[in-house]
Amino acid sequence: MSVGAHPSQPAGTEEYQPVFTEQMLEQLNEILARYPTRQAALLPALWLVQRARGWISDRNMAEVAEVLGLTPAYVKGVVTFYTMYHQHPVGRHFVQVCTTSPCNICGAEAVVQALLEATGAKELGATSPDGKWTVIEVECLGACGFATPVLVDDDFIESVTPDRVPELVRKYK
Amino acid sequence: MGFPHKPHPKETVLLSRYFGEADARNYKGWVKRGGYAALEQARAMEPARVVDIVKDSGLRGRGGAGFPTGLKWSFMPKEKKKPHYLCVNADESEPGTFKDREIMRWTPHALLEGTAIAAHAIQAEVAYIYIRGEFTEPLAIMDKALTDARSAGVFGKLKIHLHRGAGAYICGEETALMSSIEGKRGNPRIKPPFPAAAGVFGMPTTINNVETLAAVPHILTKGAVWYKGLSLSSPKSTGTKLFSVCGHVQQPGNYEVTLGFPLKDLVYELCGGMRPGRTLKACIPGGSSVPILDRAETESCLLDYEGVVERGSMLGSGGVIVFDDSTDMVYQIMRLARFYAHESCAQCTQCREGTAWTTKILERILAGQGKTADLDLLLDLSENMTGKTICVLSDSCAAPVVSGIKKFRSEFEDYIAGRRKPVMVA
């Protein structure tokens, strides 16, 4: 492999702001006490990072690796396995719509269209121009009897229909 | 009750009795309803005695496999040489299934009590409740319930922790769940060793589903004989079961019935039947991983572990997906295959390639580009995806495909022959 094939990113002008400062380390220590290994705190630690800054960058992964005594590559391997960790910045509000079979037969596709329109995100996975919304389709949210379930950030909303979408979207600032 | 609908007289409410009652979520409200009495009772017994009672009750795992719960507990080492762990599987992600979610939302203490009893029975000092990442509300409710019960001192030396998943269907597979708790990618592991010998952190471990554990306190207080008496057909299927019904029925929701209950009555009476002017076309009785039943099979099926097998499917998790005559079965089977392709952990070739190719072939059939040989190709692929991998995700993808082609072949052939308008697949 050529050394020049993957030039490293130019160093940023701003210094990296560590996520695990005093208060966060305290939270992490509480988590560590639940498990017999440091590695087991990885998923909770990644949740802490995502909560703090909205997504998980490569540099964040390296920091988590250092804190837990793992390698950055290992941490990246775990991050990329799970769909809920964002590896790129997303809109201020992140919308997940279930479109698996039971919801599909109850009209989930129309809900997706309504959400793309009302939020201005237009395209699945894209962020609206005002930086407010990102909408994605997900596989089974585990609320099939309440089709179509939509997860806006941490708010789990049941039985969403296209006509309920504009009002739902208006609730978020 | 048929939450969120009014209870139906044909239901036997045990686990769902307090669904919808906010007060039952609180520690005090739960104790007022007789909560934690079973735990006290269990604690006064030798662990082996608790295992025997659950064995005698005939309780079988409600997560999908239907393995006898007491027997599973009895596999744990009798003489304790290492730490023992209990893992609670609250990763409910099987399309069609949404019962554990309701148990955690409405009766979090029922799960905590069952967890504490199971931990006593298998002599575990730590229990992890693995809740899927998307279940934000159940997670918050469980967290509060755990904090309250813990401060009331009900768990003694037992430590119970919640562990949040992060989006991966496969983590509901027991060995993948353990990998995930350990901070790894959620890859299933080859068995043996079985969890009772080397489970989470390499220690003896038992994994139980939420609904299974929620049933345990009832067995302790009312007795194994009483629980065993809850059976309408096969003596091998005892107790009540929550059935999550979704799809084309008038009243989707969770319904609790005694095992052996007719599927026909569940769909047509409890759920209010089909939408006006529609008829039932197909039904998946146990979550998306089990073979599809046609109308005649659905209408003659008894809901217990043996009854559903007799009709060529499985009871699984009790997630009932109902399709009416407006359904494009080819499209829905493609959606299910796509689900498995998305969720494959990609360790095993048969699954990684098989789920992806199954989806691609179904998509091309829908797009009007299918070939006559494609159906045989799908069946051949499915054959190679069944019983050949570390876990059963691959088999689960094959189940709806094989049963779908068998029972709804003409719909596939219509697309291939150009008799049906092609569907653009997004």
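Residues numbered from 1 in each chain as written. Chains lettered and ligands numbered in written order. Predicted model: local features only at pLDDT ≥ 70, side-chain atom pairs only at ≥ 80, totals over all residues. Heavy atoms only, no water.

Engineer: What is the right way to read the nonpolar core from this model?
Structural biologist: Side chains of nonpolar character tend, in soluble globular proteins, to be buried together. Membership of the largest hydrophobic core comes to 155 residues, with the highest contact counts inside it found for Y82(A), W73(B), I129(B) and F155(B). Other than its neighbours up to four places away in sequence, Y82(A) contacts L43(A), Y130(B), A166(B), G167(B), A168(B), C171(B), S180(B), K184(B), R185(B) and G186(B). With 23 residues, the next largest nonpolar core counts F243(B), F261(B), C301(B) and V322(B) among its residues. (Core = buried A, V, L, I, M, F, W, Y, C linked by side-chain atoms within 4.5 Å. Buried < 20%, exposed > 50% of the residue type's maximum accessible area, 1.4 Å probe, protein only. Contact = heavy atoms within 4.5 Å.)

Engineer: Quick question: what am I supposed to make of the environment of V267(B) here?
Structural biologist: Residue and element names in this part refer to chain B. By the secondary structure assignment, V267 is in helix α11 (residues 263–270). Taking the C-alpha atoms as reference points, V267 and H248, 19 residues apart in sequence, are found 9.9 Å from one another. Ignoring any residue separated from it by four or fewer positions in sequence, one finds V267 in contact with V249, G272, G273, M274, L280 and V322. (Helix = DSSP H or I, 4+ residues; strand = E, 2+ residues; numbered from the N terminus.)

Engineer: Please explain the interface of chain B and chain A as it appears in this structure.
Structural biologist: Quoted interface sizes are often the accessible area lost when the parts come together. Opposite the 56 residues of chain B that make contact, chain A presents 40 residues. Around 3800 Å² of area is buried between chain B and chain A when both sides are counted, 58% of it from carbon and sulfur atoms. Connecting chain B to chain A are 3 salt bridges. Note that R335(B) is salt-bridged to E109(A), the shortest N-O span being 4.0 Å. The interface formed by chain B and chain A contains 21 residue pairs in polar contact (both at pLDDT 80 or more). Listing elements by their share of the side of chain B that touches chain A, those giving two or more residues are α5 (99–106), β2 (126–131), β3 (159–164), α8 (174–181), β5 (240–247), β11 (319–324) and α14 (329–343) of chain B. A total of 8 residues in the side of chain B that touches chain A trace back to one element, the largest contributor, which is α14(B). Its residues assigned to classes, the side of chain B that touches chain A comprises 25 nonpolar, 18 polar and 13 charged. (Buried area = accessible area lost by both parts, 1.4 Å probe. Salt bridge = Lys/Arg side-chain N within 4 Å of Asp/Glu carboxyl O. Polar contact = N/O pair within 3.5 Å; in protein donor to acceptor, adjacent residues only side chain to side chain. Nonpolar A, V, L, I, M, F, W, Y, C, P; charged D, E, K, R; others polar.)

Engineer: Explanation requested: the domain arrangement of chain A in the structure shown.
Structural biologist: Each assigned domain of chain A is listed here: domain 1 (1–87) and domain 2 (93–172). Each of domain 1 of chain A and domain 2 of chain A was reduced to a C-alpha centroid, and the two centroids are 29 Å apart. (Domains from an automatic or database assignment.)

Engineer: I'm lost on helix α6 (residues 108–121) of chain B in this one. Help?
Structural biologist: In an α-helix, one turn spans 3.6 residues, which is why side chains three or four residues apart end up on the same side. Residue and element names in this part refer to chain B. Taking 1.5 Å per residue, 14 residues should reach 20 Å; α6 reaches 20 Å between its end C-alpha atoms and fits that length. Extensive coverage of α6 is indicated by the burial of 14 of its 14 residues. Just downstream of α6 lies Q123, where phi reads positive at about 55°. (Expected span 1.5 Å × (residues − 1).)

Engineer: Which parts of the structure should I look at to understand a nonpolar patch on the surface?
Structural biologist: A grouping of F67(B), L71(B) and F75(B) is seen on the molecular surface, where their side chains present a nonpolar patch of about 260 Å² in accessible area. Turning to its location among the elements, F67(B) is positioned in the loop between α3 (47–57) and α4 (69–74). (Patch = residues over 30% accessible without salt bridge, like charges linked within 9 Å, V, L, I, M, F, W, Y side chains within 5 Å. Areas by Shrake-Rupley, 256 points an atom, 1.4 Å probe, with all protein chains shown as cover.)

Engineer: How do you make sense of the sheet that holds strand β4 (residues 155–157) of chain A when you look at a structure like this?
Structural biologist: Note on sheets: strands pair through backbone hydrogen bonds, and any given pair is parallel or antiparallel. All names here are of chain A. With mixed pairing, the 4 strands of this open sheet are ordered in space as β2-β1-β3-β4. Edge positions in the sheet fall to β2 (133–138) and β4, since each has one partner strand and no second. Each neighbouring strand pair of the sheet contributes to a mean axis angle of 20°, computed without reference to strand direction. Both strand β3 (residues 150–152) and β4 contribute to a ladder of 3 bridges, which runs antiparallel. The partner of V150 across the bridge, within β4, is I157. (Pairing = 2+ DSSP bridges. Axes fitted to C-alpha atoms, helices over the stretch in contact; angles between N-to-C directions.)

Engineer: Looking at this model, I keep getting lost on unusual backbone geometry. Mind explaining?
Structural biologist: Glycine aside, the phi torsion of most residues is negative, and most peptide linkages are trans. The omega torsion across A147(A) and T148(A) is -5°, close enough to zero to call that bond cis. Mapped onto the fold, T148(A) is located in the loop between β2 and β3. Cis geometry marks the peptide bond from K191(B) to P192(B), where omega comes out at -5°. Among the secondary structure elements, P192(B) is positioned in the loop between α8 and β4 (205–209). Positive phi values are uncommon outside glycine, yet D153(A) reaches one of about 50°. Mapped onto the secondary structure, D153(A) falls in the loop between β3 and β4.

Engineer: Just checking my understanding: could you explain the environment of K144(B) for this structure?
Structural biologist: All names here are of chain B. Summarising the element assignment, K144 is placed in helix α7 (residues 136–151). The class of K144 is partly exposed, set by a relative accessible area of 46%. Residues K144 and Y227, spaced 83 residues apart in sequence, show a C-alpha to C-alpha distance of 30 Å. Here the side chain of K144 touches D148 through a polar contact of 2.7 Å, side chain to side chain.

Engineer: Even after reading the chapter, I still don't get the packing of α14(B) against helix α18 (residues 409–416) of chain B, so can you show me in this structure?
Structural biologist: Packed helix pairs are specified by the crossing angle of their axes together with the interaxial distance, meaning the distance between the axes. All names here are of chain B. At a closest axis distance of 9 Å, the pairing of α14 and α18 adopts a crossing angle of 95°. With respect to α18, the axis of α14 lies roughly perpendicular. For the pair formed by α14 and α18, the contact residues are M329, V330 and I333 on the first element and E411, F412 and Y415 on the second. When grouped by side-chain class, the residues that make up the contact of α14 with α18 number 5 nonpolar, no polar and 1 charged. (Parallel < 35°, antiparallel > 145°, perpendicular 65-115°, else oblique.)

Engineer: Looking at this structure, how should I read the confidence of the model for chain A?
Structural biologist: Low pLDDT marks stretches whose predicted atomic positions should not be read closely. Averaged over every residue, the pLDDT of chain A is 93; the share at 70 or more is 92%. pLDDT under 50 marks residues 1–10 of chain A. Its contacts with residues more than four places away, or in other chains, come to 1 contact. (pLDDT = per-residue confidence, 0-100.)

Engineer: Hey, could you run me through α7(B) in this one?
Structural biologist: Residues and elements named next belong to chain B. With 16 residues, α7 extends 23 Å between its outermost C-alpha atoms, agreeing within 8% with the 22 Å of an ideal straight helix rising 1.5 Å per residue. Listing the buried residues of α7 in full gives T136, P138, L139, I141, M142, A145, L146 and A149. At the C-terminal side of α7, G153 shows a positive phi close to 75°.

Engineer: Would you take a moment to explain the pairing of strand β1 (residues 85–90) of chain B for this structure?
Structural biologist: Residues and elements named next belong to chain B. Counting buried residues in β1 gives 6 out of 6 residues, a clear majority hidden from the surface. Covered by surrounding structure in β1 are Y85, C87 and N89 together with L86, V88 and A90, the residues of both alternating faces. Two strands pair when backbone bridges link them, and β1 and β2 are joined in this way by 6 bridges, in the parallel orientation. Residue pairing in the sheet places C87 in a bridge with Y128 of β2. Here β1 pairs with β4 via 5 bridges, running parallel. Within the sheet, the bridge partner assigned to N89 lies in β4 and is N209.

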